[in-house]
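# A look at the structure
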Amino acid sequence: MNQEFNFVENGGVTSPAGFLACGVCAGFKRSGSNDMAMIVSERDCSFAGTFTSNLFPAAPVRYCREICASSPNVRAVTINSGVANACTGLEGYQNTLRTAALAAEALNIEPRQVLVASTGRIGVQIPMDKIEKGIREGVKLLSHDGGSAAAHAILTTDTRPKELAVSFSVNGKKVTVGGCCKGAGMISPRMVVAPHATMICVITTDAEADNAYLAQVIEKAVNASFNKITVDNDMSTNDTVLLLANGSSGVRIAAGSEGSGQFENAVRMVAEHLARSIVYDGEGVSKFVSVEVSGAANDRDAELAARAIANSPLCKTAWFGCDPNWGRILAAAGYSGASFRPENVSVYFDEMPVVRGGLDAGTPESELAELMKHREFSIKVELGEGSACCTIWTGDFTYEYVKINADYHT
């Protein structure tokens, strides 16, 4: 544990002062479980967001980008699970505007103070009667203890909610950063700051900060967390990370100010925990694998090699089968586009040598296979060309992954 922070027991998106949330059944899911969440601040929030770089952004993503570019503050986020509202054209965008307007009316705030996110099936128009029902019921249930209910309500193929909150002190005043997210499949985010099936994350804080600074903070945090995970190398149309700061703690944070380092580390810690939680809960995932490439000539080569290995179906199926087929790892690095000399390459499973100088290191396959039975292990690839490095968190491919995605219908 980092001694700089206190971990909030059962912490989540409402752990920071001044935030409320709820989860309700609006009727999107056939199961009848909760499928819509609202997260609301009692005060105006500074904010920033990062969003998918997919060329088919969902209507809520397009809308939130515009809000980030034009609105000074926000107060609320609505999230529905079951329909992505992606590839739905003008009608889908108008439905997003209508969602914001309905929430604003119910909360007595301005429509452009409402952010909207959706997750679920692509290409389906969102049923607005269910949105209206969710908002109508949701405002009645908003609570300072509603963070967990919200985290449950936004799940799709996830098997469990993902939440965390940490706190720290600045001049004797407590600042809290909390968050929740969903995601299990269609996970390979490459999000960018705006303006400058699905992963959705909301991070809240009771610190005071301006929008420009929050944009810098969330960009760094996302690049170190969500942009470093992959489950299946499929980028969603709906990837969204939002950071809301309402100032209820009475502590102002700015770039270089007292407490700024703690704040930035706290946001990154929450983001990294939530990102790793997505991989742990990936569709059918039975192994959590850290692919660590070092010794690359530059950052680009390090990431190219790490992503190629992490996304290789042959590598991922071998990990599932506890098959130490290291040739697949070398092959993926070799076609990745990274530049290196094969005779310089070494590979380790955790600390166990697998390849030296591009050749078999001689460790018995039975020992490597035994290591691969662990729930979590690392693949370390040293390219021997420089000092650049990159880590990508991923999982294996199992029979269950195929079953989930062959049968998926929210």
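Structure shown above.
Residues numbered from 1 in each chain as written. Predicted model: local features only at pLDDT ≥ 70, side-chain atom pairs only at ≥ 80, totals over all residues. Heavy atoms only, no water.

Below, the discussion takes up the nonpolar core. Soluble globular proteins: nonpolar side chains tend toward being buried together. Core analysis: the largest hydrophobic core is formed by 53 residues, its most contacted members being Ile39, Val77, Ile79, Val114, Leu115, Ile131 and Leu244. If you tally residues by element for this core, the top one is strand E3 (residues 36-51), at eight residues. Core analysis: the second largest hydrophobic core is formed by 40 residues, Leu164, Val217, Ile218 and Ile278 among them. (Core = buried A, V, L, I, M, F, W, Y, C linked by side-chain atoms within 4.5 Å. Buried < 20%, exposed > 50% of the residue type's maximum accessible area, 1.4 Å probe, protein only. Helix = DSSP H or I, 4+ residues; strand = E, 2+ residues; numbered from the N terminus.)

For the structure shown, the criterion picks out twelve salt bridges. The partner of aspartate 281 in a salt bridge is arginine 160, with the nearest N and O atoms 3.4 Å apart. In this structure aspartate 281 comes out as buried when scored by relative accessible area, which is 3%. Taking the shortest distance from any N to any O, the salt bridge between arginine 252 and aspartate 210 comes out at 3.8 Å. Within this pair, whereas arginine 252 is found in the loop between strand E10 (240-245) and helix H6 (260-280), its partner aspartate 210 is found in the loop between strand E9 (200-205) and helix H5 (211-223), the two being separated by 42 residues in sequence. (Salt bridge = Lys/Arg side-chain N within 4 Å of Asp/Glu carboxyl O.)

Attention now moves to the packing of aromatic side chains. Here the structure, examined in full by the defined rule, presents four aromatic pairs. Summarising the aromatic geometry, the rings of phenylalanine 320 and tyrosine 399 are spaced 5.2 Å apart at their centres and angled 85 degrees between planes, so their arrangement reads as edge-to-face. Of the two residues, phenylalanine 320 sits in helix H8 (residues 313-320) while tyrosine 399 sits in helix H11 (residues 399-407), which places them 79 residues apart along the sequence. When the ring centre of tryptophan 393 is taken as reference, the NZ or CZ atom of arginine 276 above it lies at 5.2 Å. Here the guanidinium or amino end of lysine 316 rests over the ring plane of phenylalanine 397, the centre of that ring lying 4.9 Å away. (Phe/Tyr/Trp six-rings, centres within 6.5 Å; stacked < 30°, edge-to-face > 60°. Lys NZ or Arg CZ within 6 Å of the ring centre and 35° of its normal.)

This part takes up the pairing of E3. Of all 16 residues in E3, 13 are buried; the element is thus mostly enclosed. As paired elements, strand E2 (residues 19-24) and E3 share six bridges and run antiparallel to each other. Within the sheet, the bridge partner assigned to cysteine 22 lies in E3 and is methionine 38. The sheet contact formed by E3 and strand E4 (residues 74-83) spans six bridges and is antiparallel. When the sheet's bridge partners are listed, valine 40 is paired in E4 with alanine 76. (Pairing = 2+ DSSP bridges.)

Taking 1.5 Å of rise per residue, the 19 residues of helix H2 (residues 89-107) would be expected to cover 27 Å, and the 28 Å separating its terminal C-alpha atoms lies within 8% of that figure. At its buried positions, H2 is contacted by E3, helix H1 (59-70), E4, strand E5 (114-121) and helix H3 (128-141). Trailing H2 by a residue or two, asparagine 108 shows a phi angle of about 60 degrees, which is positive. (Expected span 1.5 Å × (residues − 1). Contact = heavy atoms within 4.5 Å.)

To continue, consider the packing of H2 against H3. Where H2 contacts H3, the two axes come as close as 10 Å, and the packing angle between them is 25 degrees. Relative to H3, H2 is oriented roughly parallel. Crossing of H2 over H3 shows right-handed handedness. For the pair H2 and H3, contact is made by Asn95, Arg98, Thr99, Leu102, Ala103, Ala106 and Leu107 and by Met128, Ile131, Glu132, Ile135 and Val139, respectively. Taken together, the residues of the contact of H2 with H3 sort by class into eight nonpolar, two polar and two charged. (Axes fitted to C-alpha atoms, helices over the stretch in contact; angles between N-to-C directions. Parallel < 35°, antiparallel > 145°, perpendicular 65-115°, else oblique. Left-handed = near helix turned anticlockwise from the far one by under 90°. Nonpolar A, V, L, I, M, F, W, Y, C, P; charged D, E, K, R; others polar.)

Another aspect to go through is the side chain of serine 41. Among the structural elements, serine 41 can be located in strand E3. On the accessibility criterion, serine 41 (0% relative accessible area) is buried. Reaching out from serine 41, the side chain makes a polar contact with the side chain of asparagine 246 at a distance of 3.4 Å. Among residues more than four places away in sequence, those in contact with serine 41 are Gly18, Phe19, Arg75 and Asn246. (Polar contact = N/O pair within 3.5 Å; in protein donor to acceptor, adjacent residues only side chain to side chain.)

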